[in-house]
Amino acid sequence: MTIPMNGSSTLRIADLHAGYGRFDVVRDVALTVERGQAVGLLGPNGAGKTTLLRAIMGLLPNRRGRIEIAGTDVISMPTHRIAKGLASIVPEGRRLFLHQSVEDNLRLGGLTLAGDQARTEALLRSVFDLFPVVEKYRSRPAHALSGGEQQMVAIGRMMMSDPTLMLLDEPSLGLAPLAIRDMAAALERLREQGRSILLIEQRVDLALQVCDRIYVLSDGRVAEETKAADVDAAGRRLIDAYLG
Amino acid sequence: MLQVLLSGLAAGAIYGLVAMAFAVVYYVTRVINFATGQLLMIGIMVAAAVSAAGLPEPLALAGGVLVATLGGVLIYGVAVRPVLAADRFSFAWLVSTLGMAIVIQSIAAIIWGPTSRAFPALLHRDIMFFPGGASLSWQQIAAIIVATGAAVAYEVVRRRTLFGKVGMAISSDPEMARVVGANVTAHSVIAFALGGLLAGIAGMLVGPITYANPYLGETYGITGFVALMIGGVENPIAAVGGGFVLGILSVAANTYIDSQASDWFPFVIIVVVLLVSPRGLFASGLRWRRSRGGLATAGTNS
Amino acid sequence: MATITRRTRDRWDQLVTAVPDASARDGRLPRDRGRLVQVGVVGGLIAYLAATFAVANGSFFIQNLLMTAAIFGILAISLDLVAGMTGLYSLGHAGLFAIGAYSMTLLNDEFGIPVLVLLPVCFVEVGLVGAFLGALSLRVSGLYFAITTFIFTLVVTVILVDFEFTGGLGGLGGPTFPDFPAGLDVLGDSLVWAVAIIFLLCVGAVWCIRASALYPVLLAIRDAEPYAAAAGVRTATVRIAVFALSAGMAGLAGAAFSFLGFISPGQFNWTVSVTILVMVILGGMNTHLGPILGAAFISMFPILVPIDPFVEQLLYGAIFVLVIVFYPTGFVGLIQAIWRRLRPRRLPGVRAAQDEEAAIDDDIEAVPAAPAEAAQSGLALECRDIVFGYDEGSLALAGVSLAVRHGTIHGLIGPNGSGKSTLVNIIAGRLAPRSGSVTVNGQVVDGLGAAARPSHGLMRTFQSAVMVREISALANTTIGLYSRVPRMALRAIAWPLLPSGRRDSRVMNAQASATLNAVGLDPAWHRTRVADVPHGVEQLTQLAASIVASPSVLILDEPLAGLAAGEVDHVSRIVRDLRRKGVTVIVVEHQTRFIFDVCDEVTVLAAGEVVRSGPAAAVRSDDRVREVYLGQ
């Protein structure tokens, strides 16, 4: 689990424009995620958070500017190559392969390691350690799991490619308080392992708890950037007001 | 009795291979390639032409299969990929693949003319006799073996290998398949190439009986499609099973009812099959239960 | 049932009179523009009749060419009705076409029934066959429906070929269409007029449906079946009825076709089914003109392009591929692209919505109040000993009882997988429990499907909003009014021609618009396609659709998922306001702050059983609840 070192930034974005069709949703965004950091993306609905994550993952044909992951320029790289150890995503709505088993979903997550049996098994073990319930249901079809369990499988699937950068689009959505606590703990452990995380989260309290730094997106641009620790009660109210 | 069964299996093997050609493409891309029959035809025409040019027969057959395979890739590149890129859920591919079928057929008719030509007979010359007076040519036996072998091989790949599971992942969510690192384009090209390959092989196996004719594509396209429906589109092995069922029924109807009965009798059976099991004869109970479970659990994410 | 129908009508009439300035508020179709449309329709009609007159007195070649095109035009537009609007890709239309043609011929031949009597007979007869075919769509949809109907066509062809009375492969000579009486023969060929009128009726009916309030409902049946059912649409019945109508049109096309000369099985085989579908897709699916253009092109091309037949075939196939590859939406897409080049237009003002951020208005007054019958005291909703399991083994709900008092907000919480959504689906009628009983407003609703429950005052939202993406938020909201508008489905066929239809559209739009405003959706979003709106707007639209019809009991399944903090506060206000108006609200939610702030009572589920139920404060401080849910 070595992270290629090239400067200390895992993700560096500059002058990024991206969107659907000819229409730019994200405009002139600059953003960095340092190695071993968790960075939160906040912003009102429609601000372009999901679009930004999709652009990083290479899922939008319309993207211009600079995106570097671990020093590699990925702006024109196809998704399946970005998936090779650079980045992986827990997308909006989880999007598991519903008719395949939980274990198949996880193994598909490790597709890019194909051939490296030992590493696959080790990663599978680490997912099971993080989410014991996933191991319990490993042979069930993914659609038979509840929302929270599916969320865990989605995070596990993301972990399986051993990515340098982890992208999560509202992982707390639909989770009960206990499950959110487990998820937050899991993210912290991943960060301690040196993973870099970019996280969209509507719940400001959770974002502040998990993240080192926060970007606030508005209307497709970065409106604010701050260290999470610097956000005091007043600042929090400000963010709340901003998002409303 | 035995003769009916054997002839039915032999005819059904061809239908099954064509049905599997449809199913392999569908399995990955959710597209029914309506030019599959024409791929079989173009394989036969090329093989006939190469052989007529005086080259050795095995070379002719290889050439036919190769052209059918490349034809599959060409159809994907020209008629399917652009359409899916625009909207994955539209049925626009129906029009574009049918268009390709018409184009391939008319090109063949323009180059070789609308009449039948000789086809290398090869194994068809030798007959094997079974107890009870039944007989099949080695070519027919080869057809049965090839169809069964192809189905089993494919099923093993599909179920046991990660490669096969990727195919299923692509068909359910191509975007997420890309996210886990699958090269969707490469997989789709391979699926269309396999479809062309299977259609081409079917062509080489049936050529000695039908001779080479540009309108063969329609005939085998339809029967292959009907076999596909009897078996069920979801998995290729079922498609081959559907082919065998259709072959036996057709030959049996011709033998026991009258010589025209194969025109309608299989359809009666299909209606019964679809009334009992709308997803095809070989849609397993497990799959059905799973899909029902999927429906029921669709809204239970809490 | 009858009382519900009457009550529906009364309540709708009240609403209609309560919104007198509907057209003014709607503001989209000012009077003079309405006048312009009327003039356009009358002008178009006169031009159409004049053209028919010209053709009826024209050459035989032109007559035949255009009548064939018109007949295929009817087939294409009838197929578009089911494929484009309800998503049923039928390959059975050649079979239906054949039944129409052979019925006309045989009934006229054998029994001497006049053809003018037989036209409606064919319509009804083939419509009934269509109802049968449509019923198949309840078991299979998508590709399997296409396959099943494909087989139907094969079977029809086989019957035509193999039976004596149909004339076998040779076919039959069609009946002759009676000429005009002596005085009217200046009109020319009577058959041309007949075909022109049938074409006009069929196209008119489909265009009316597309302009009706039923159109969003049909799209919802296609794309978001649970959403439609939750609005009270008996989706199965509507789907079958639409298919029957489409089949009837195909039957009429067949009947008309039989007058053109010989009919034989070859003219009705499966390739014709595929050809009709190709016409629709090539022309442009679910568009006004697409199917007609496609039909005209495919039926006329081989006749009008007199070149070497092989080259002609080649060209024909190449056009299929090229048009679809470059313009996946077909000819209509091609025309639109040219039109756009000629008249460059600005991008639609989607983003405009955000510029007027201050516009979230606090006027929740427009949220419709609960109907009077809900004002009674007692329980709004009661579940008794509900047992349910998805498979043989484990139970998802093991005897759950729930009592919700009138006019309260009741929270339903629990860990993931505890059975909350299952319970909601049982209350809403999407799932049937193994045992136990559900009572809404004092009436037992067991055995009623999801679509029958809105008429008992029960509405719901879904966890992840699935709506019709290609139409606006406003149109999606009007779907929620389905159970309130009397006989919407029946009137759809002539909707814009009926004064009541135009009036109801105005009222529905006004009502939907007011409700969208009330849930805090900026007016700029109202006309935006749902496909282009962010998640929060989608959630609010769904909320609007569930309250637009003034339910007395409302179930919200995770209404806050994906909403920003400000939006959460807004939803809290809406929910409180609904309670003030006497609506009983049941909320499934994970945001505990919201639950304990807003709810009067809370029920906690865990592993399919009720852990605790009672006043919010008591539940919050309960030790078991802290342990299994809050994790404190």
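So, a few notes on the structure that sits alongside this text. It should be emphasised that the depicted structure is a prediction, and the values quoted were computed from it without experimental measurement. (Residues numbered from 1 in each chain as written. Chains lettered and ligands numbered in written order. Predicted model: local features only at pLDDT ≥ 70, side-chain atom pairs only at ≥ 80, totals over all residues. Heavy atoms only, no water.)

1. What about the side chain of B:T29?
Position of B:T29 relative to the elements: it lies in helix α1 (residues 2-29). Sequence-distant contacts of B:T29, defined by excluding residues within four places in its chain, comprise B:L84, B:S188 and B:F192. (Helix = DSSP H or I, 4+ residues; strand = E, 2+ residues; numbered from the N terminus. Contact = heavy atoms within 4.5 Å.)

2. A short note on unusual backbone geometry
Residues and elements named next belong to chain A. Backbone geometry at D162 places phi at a positive 50°, although glycine is not the residue there. The residue D162 is located in the loop between α6 (147-159) and β7 (165-169) in this model. Assessed through its relative accessible area of 9%, D162 is described here as buried. (Buried < 20%, exposed > 50% of the residue type's maximum accessible area, 1.4 Å probe, protein only.)

3. Quick word on the interface of chain B and chain A
At the interface, 23 residues of chain B touch 27 residues of chain A. Both sides together, the interface formed by chain B and chain A hides about 2,300 Å², and carbon and sulfur atoms give 61% of it. Across the chain B-chain A interface, the total number found is 4 salt bridges. Note that B:E175 and A:R95 form a salt bridge whose closest N and O atoms lie 3.1 Å from each other. (Buried area = accessible area lost by both parts, 1.4 Å probe. Salt bridge = Lys/Arg side-chain N within 4 Å of Asp/Glu carboxyl O.)

4. Brief notes about the packing of helix α4 (residues 60-86) of chain C against helix α12 (residues 270-283) of chain C
Residues and elements named next belong to chain C. Taken N-terminus to C-terminus, the directions of α4 and α12 make an angle of 75°; their axes are 9 Å apart at the nearest point. Classified by the interaxial angle, the pair formed by α4 and α12 is roughly perpendicular. On α12, the residues that touch F72, L75, A76, L79 and D80 of α4 are V272, I276, L277, M279 and V280. Among the residues making up the contact of α4 with α12, the classes are represented as 9 nonpolar, no polar and 1 charged. (Axes fitted to C-alpha atoms, helices over the stretch in contact; angles between N-to-C directions. Parallel < 35°, antiparallel > 145°, perpendicular 65-115°, else oblique. Nonpolar A, V, L, I, M, F, W, Y, C, P; charged D, E, K, R; others polar.)

5. A closer look at the sheet that holds strand β11 (residues 601-606) of chain C
Residue and element names in this part refer to chain C. In space, the 6 strands of this open sheet follow the order β8-β9-β10-β5-β11-β12, with mixed pairing throughout. Only two strands of the sheet have a single neighbouring strand rather than two, namely β8 (458-460) and β12 (609-615). When strand polarity is set aside, the average angle formed by the axes of neighbouring strands in this sheet is 15°. In this sheet, strand β9 (residues 553-557) lies alongside β8 in parallel orientation, the contact comprising 3 bridges. Its bridge partner being in β9, L458 is matched across the sheet by V553. Its contacts with the sheet place helix α23 (residues 565-580) against β5 (409-413), β9 and β10 (584-588), and it is angled at close to 135° to β5. Here helix α26 (residues 623-630) sits on the sheet in contact with β5, β11 and β12, set at roughly 125° to β12. (Pairing = 2+ DSSP bridges.)

6. Some points on the environment of B:Y154
All names here are of chain B. Counting through the fold element by element, Y154 comes out in helix α5 (residues 138-160). Along the sequence, Y154 and V73 sit 81 residues apart, while their C-alpha atoms lie 19 Å from each other. Discounting chain neighbours no more than four positions away, the residues touching Y154 are M20, V24, Y27, L194 and P236.

7. Describing the interface of chain C and chain B
Frequently, the measure chosen for interface size is the accessible area removed from exposure when the parts meet. Taken residue by residue, the interface counts 45 residues in chain C and 45 residues in chain B. Of all residues in chain C, C:L143, C:Y144 and C:F310 give up the largest surface area on contact with chain B, accounting jointly for 17% of the area buried on that side. The interface formed by chain C and chain B includes 0 salt bridges. Joining chain C to chain B, the criterion identifies 1 residue pair in polar contact (both at pLDDT 80 or more). For the side of chain C that touches chain B, the elements supplying multiple residues, two or more each, are α7 (143-162), α12, α14 (309-326) and α17 (420-427) of chain C. Take the side of chain C that touches chain B: its biggest share by element is 11 residues, from α14(C). Residue composition of the side of chain C that touches chain B, by class: 30 nonpolar, 11 polar and 4 charged. (Polar contact = N/O pair within 3.5 Å; in protein donor to acceptor, adjacent residues only side chain to side chain.)

8. Looking at the packing of aromatic side chains
Residue and element names in this part refer to chain C. The full count for this structure, using the stated rule, is 20 aromatic pairs over all chains. For the pair F150 and W270, a centre-to-centre distance of 5.5 Å together with 70° between the ring planes defines the contact as edge-to-face. Placement of the pair is F150 in helix α7 and W270 in helix α12, with a sequence separation of 120 residues. Residue class for W270 comes out buried when judged on its relative accessible area of 16%. (Phe/Tyr/Trp six-rings, centres within 6.5 Å; stacked < 30°, edge-to-face > 60°.)

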